[in-house]
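Chain by chain, the residues:
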Amino acid sequence: MSRVEIVNRTRESFLTRKKVQKIVDFVLKEEGKDFPGCLSIAAVDEEEIRSLKKRFFHQDACTDVISFFYGFSDEDDIWGEIIICPAVVKQEAHVRGESEERALSIVLIHGLLHLLGYEDEDAEKARAMEERQEALYRLLEEEEEREKLIKRAIKVREYAYAPYSSFPVGAALLGYDGDIFTGCNVENASLGLTICAERVAIFKAISQGVREFKRIAIIADPSSYCFPCGACRQVLYEFAPQLEVIAAKSDRDYEIVSLHSLLPRAFFLRNDDRKE
């Protein structure tokens, strides 16, 4: 993991330090790189980035990002520098109708890819680079979404009623509309009346009119991964055969499987038009 130093020399808001470090770590991981030393990231105003563009690229124009790769000589050295102009990025984001955070994240990814050897001096290379940065951003969004679900599952696990098994479980179910429904296991002295966290979550969602689901996160004992029981698999399959199941120990340690792989020959009625 590269150490990141961030300086904001503008009055414009920029990405948080935590977000910047996450993006850097994620891109390096996905690209299979592990650089020692420090990466410098600076947010500058339009006048400064125009000056840099003119000095190093002989172009008298503003731009959104400039990258400089310095190489490696010592673990404490700065191996690369990314200069970003938030004002330009936000202006372009406004024109495209996208959020400022997304635009700043994409530009940071773009700068990182340049440091990793990607080029965009011709149309073909530019298209390949754009496709890669968009793909990386989508993967980053998915990872952040999973981590958010796991954190919600961890929180709701605190409310589990499990005096008989001493095995509290939390689940967080994501609908395609973006809503998150949580549930914990609720045990009963008549053990057959116990209900699992996954079913609590999906029944809550169904009772609020939601029928389509994207992924579910489940966490129990942080020393092992917890997957849905057979009954929960069948109930989840009723509404989301292609559901992504996240079995977690923590928000940074989890396994991902498809519900279909957990229940490859699920029961459904003959008049049910779903396919396995």
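So, here is what we can say about the structure in this document. Counting starts from 1 at the beginning of each chain's written sequence and moves along it residue by residue. For a predicted model such as this one, the threshold for reporting local features is a pLDDT of at least 70, and the threshold for listing and counting side-chain atom pairs is 80 or more; totals across whole chains, interfaces and linings nevertheless cover every residue. Excluded from the side-chain calculations are hydrogens and water; all other atoms, namely the structure's heavy atoms, are used.

With that out of the way, let us pick up the pattern of salt bridges. The working definition used for a salt bridge is a side-chain nitrogen of Lys or Arg within 4 Å of a carboxyl oxygen of Asp or Glu. According to the stated counting rule, one finds 23 salt bridges in the structure shown. Among the ionic pairs, Glu 101 bridges to Lys 19, the shortest N-O distance being 3.6 Å. Of the two residues, Glu 101 sits in helix α4 (residues 100-115) while Lys 19 sits in helix α1 (residues 17-30), which places them 82 residues apart along the sequence. Of the residues examined, Glu 101 reaches a relative accessible area of 44% and is grouped as partly exposed. Between Asp 251 and Lys 151 there is a salt bridge, with its nearest N and O atoms 3.7 Å apart. In this pair, Asp 251 is assigned in the loop between β8 (244-250) and β9 (253-258) and Lys 151 in helix α5 (residues 123-157), connecting sequence segments 100 residues apart. Put simply, DSSP marks the helices as runs of H or I at least four residues long and the strands as runs of E at least two long, and each gets a number from the N terminus on. Any residue under 20% of the maximum accessible area for its type is buried, any over 50% is exposed, and the rest in between are partly exposed; the area is computed with a 1.4 Å probe on protein chains only.

Below, the discussion takes up the environment of Pro 36. Topologically, Pro 36 is positioned in the loop between α1 and β2 (38-43). By relative accessible area, Pro 36 is classed as partly exposed at 39%.

The description of two helices packed together rests on the angle between their axes and the distance between the axes. The contact between α4 and α5 brings their axes to 10 Å, and the two run at 125 degrees. Viewed along their axes, α4 and α5 adopt a mutual orientation that is oblique. The handedness of the crossing between α4 and α5 is right-handed. Of the residues in α5, those in contact with Arg 102, Ser 105, Ile 106, Ile 109, His 110, Leu 113 and His 114 of α4 are Met 129, Arg 132, Gln 133, Glu 134, Leu 136 and Tyr 137. Any residue that is not Ala, Val, Leu, Ile, Met, Phe, Trp, Tyr, Cys, Pro, Asp, Glu, Lys or Arg is counted as polar, Gly included; the first ten are nonpolar and the last four charged. The class makeup of the residues in the contact of α4 with α5 is 6 nonpolar, 4 polar and 3 charged. What counts as an axis is a line fitted to C-alpha atoms, over the stretch in contact for a helix, and the angles between N-to-C directions run from 0 to 180 degrees. Geometric relationships in this document are graded by angle, where less than 35 degrees denotes roughly parallel, more than 145 denotes roughly antiparallel, 65 to 115 denotes roughly perpendicular, and other angles denote oblique. Crossing handedness is defined as follows: a turn of the near helix away from the far one that is anticlockwise and smaller than a right angle gives a left-handed crossing, while the clockwise case is right-handed. Note on contacts: a residue pair qualifies if any of its non-hydrogen atoms lie within 4.5 Å across the two residues.

It is worth spelling out the layout of surface pockets at this point. With a 1 Å grid spanning the protein atoms alone, the term cavity applies to any set of points in which a 1.4 Å probe fits but cannot get out, the term pocket to an open set with protein on both sides within 12 Å along at least five of seven lines, and the term lining residue to any residue with an atom within 4 Å of a point. Grid points are joined across faces, edges and corners, and a volume is the space filled by probe spheres set on the points. Reported here for the largest pocket is a volume of approximately 470 Å³. Along the wall of the largest pocket there are 25 residues; nearest its centre are Asp 64, Val 65, His 110, His 114 and Asp 120. If you list the elements that add at least two residues to the lining of the largest pocket, you get α2 (46-57), β3 (65-69), α3 (86-96), α4 and α5. In the lining of the largest pocket, the residues fall into 9 nonpolar, 6 polar and 10 charged. In this model, the second largest pocket occupies a volume close to 240 Å³. Lys 18, Gln 21, Lys 22, Asp 25, Phe 26, Lys 29, Glu 143, Glu 147, Asp 251, Arg 252 and Tyr 254 together form the lining of the second largest pocket. Those elements that place two or more of their residues in the lining of the second largest pocket are α1 and α5.

Moving on, we come to the side chain of Glu 198. Along the polypeptide, Glu 198 turns up in helix α6 (residues 197-207). Only four residue types enter the tally: Lys and Arg on the positive side, Asp and Glu on the negative side, with His and both chain ends excluded. For Glu 198, which is buried and forms no salt bridge, the nearest opposite charge comes from Arg 199, at a distance of 6.5 Å. If near-sequence neighbours (up to four positions away) are discounted, Glu 198 is found in contact with Ala 171, Ile 216, Ile 218, Phe 227, Pro 228, Cys 229, Cys 232 and Leu 236.

Nine residue types can take part in a nonpolar core, namely buried Ala, Val, Leu, Ile, Met, Phe, Trp, Tyr and Cys, and a core is a set of them joined through side-chain atoms within 4.5 Å. In terms of nonpolar packing, the biggest core is built from 34 residues, with Phe 14, Val 20, Ile 41, Ile 82, Ile 84 and Leu 108 touching the most fellow members. Of all the elements in the fold, those that place two or more residues in this core are β1 (3-8), α1, β2, β4 (78-84), α3, α4 and α5. Excluding residues within four positions of it along the chain, Ile 84 makes contact with Phe 14, Ala 42, Ala 43, Val 44, Ile 49, Asp 64, Val 65, Val 89, Leu 104, Val 107 and Leu 108. One finds Phe 181, Ile 216, Val 245 and Ala 266 within the second-largest nonpolar core, a separate group that totals 24 residues.

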